[in-house]
Amino acid sequence: STTATLPSSATRKGQVWSIVVTPHDGLASGPSGSASVEIQNSRPTLDSVTVTPSAPLSSDTLVCNATGAADADADTIDLDVVWLVDGTEVASDIDTLTPSDFSPGSYVSCAVTPRDDESAGDTVTATPVRVNVPPVVHSITVTPAEPTVHDELSCNVGLITDTDGDPVTTTIRWYINAIDVGT
């Protein structure tokens with residue numbers, strides 16, 4: 001090439017590129033000067049990281065999902081995974097986190113660092129997900145206890161608890177011989 005720039009698409013990692021510049025004044029050439037550079041490793045990149053499910057229950061196994069891993073040098077990419085529960089590292093180098101590693105109400109995230117054989121890329125951290133425990137109905141009664149066709153039935157909801165303190169609402173549905181007839 002006789003231009004002052006060389007497109008990046010012409011280079012590959014590990015190549016040594018040299019340039020020789022010879023000045024001309026129109027009558028004679030002066031002594032040439034030269035310079036050389038070696039094309040260095042490009043750090044791998046990662047587009048995004050998410051934890052699924054995005055609204056986990058305390059019984060769910062969580063999965064760390066990394067997408068868009070790339071390496072401009074076409075090097076093999078390894079992904080280093082770190083799991084964080086309430087900001088504290090609890091596990092590494094695994095894609096899943098089991099319920100024994102977190103508690104109801106915890107905020108869980110994972111951080112992934114792409115790495116090739118020479119360097120690490122920037123770490124990408126998933127938005128934390130909050131682990132939920134579903135509320136529990138401890139007692140329900142229908143009154144009267146022995147109704148006739150002349151009685152109006154009433155649903156009496158007793159104690160409802162939510163271990164992680166979320167506000168609880170209820171939906172009441174009536175069934176006739178196991179067939180849903182609505183609210």
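Here, every reference points to the structure presented above.
Procedures and definitions
Residues numbered from 1 in each chain as written. Predicted model: local features only at pLDDT ≥ 70, side-chain atom pairs only at ≥ 80, totals over all residues. Heavy atoms only, no water. Salt bridge = Lys/Arg side-chain N within 4 Å of Asp/Glu carboxyl O. Helix = DSSP H or I, 4+ residues; strand = E, 2+ residues; numbered from the N terminus. Buried < 20%, exposed > 50% of the residue type's maximum accessible area, 1.4 Å probe, protein only. Pairing = 2+ DSSP bridges. Polar contact = N/O pair within 3.5 Å; in protein donor to acceptor, adjacent residues only side chain to side chain. Contact = heavy atoms within 4.5 Å.

A.B. asks: Which residues make up the pattern of salt bridges, and what values do they have?
C.D. replies: Applying the stated rule across the entire model yields seven salt bridges. Linking D75 and K13 is a salt bridge whose minimum nitrogen-to-oxygen distance equals 2.7 Å. Of this pair, D75 sits in the loop between β4 (62-67) and β5 (78-85) while K13 sits in the segment before β1 (16-21); the two residues are 62 residues apart in sequence, bridging distant segments of the chain. The partner of D80 in a salt bridge is R115, and the shortest N-O contact between them spans 2.6 Å. Residue D80 is located in strand β5, and its partner R115 is located in strand β8 (residues 107-115); the two are separated by 35 residues in the primary sequence. A residue is classified by how much of its surface remains accessible, and R115, at 35% relative accessible area, is partly exposed.

A.B. asks: Please provide a residue-by-residue account of the sheet that holds β4, values included.
C.D. replies: The three strands lie next to each other as β3-β4-β7, forming an open sheet whose pairing is antiparallel. Of all strands in the sheet, those bounded by a partner on one side alone are β3 (48-52) and β7 (96-97). By the bridge criterion, five bridges tie β3 to β4 in an arrangement that is antiparallel. Bridge pairing in β4 places T50 opposite N65.

A.B. asks: Give me the lowdown on the side chain of S106, citing residues and values where you can.
C.D. replies: With respect to the secondary-structure elements, S106 resides in the loop between β7 and β8. For S106, the side chain forms a polar contact with the main-chain oxygen of S103, separated by 2.9 Å. Excluding anything up to four places from it in sequence, S106 contacts V85, D86, V129, R130 and V131.

The quantities given are spatial measurements derived from coordinates; they are silent on function.
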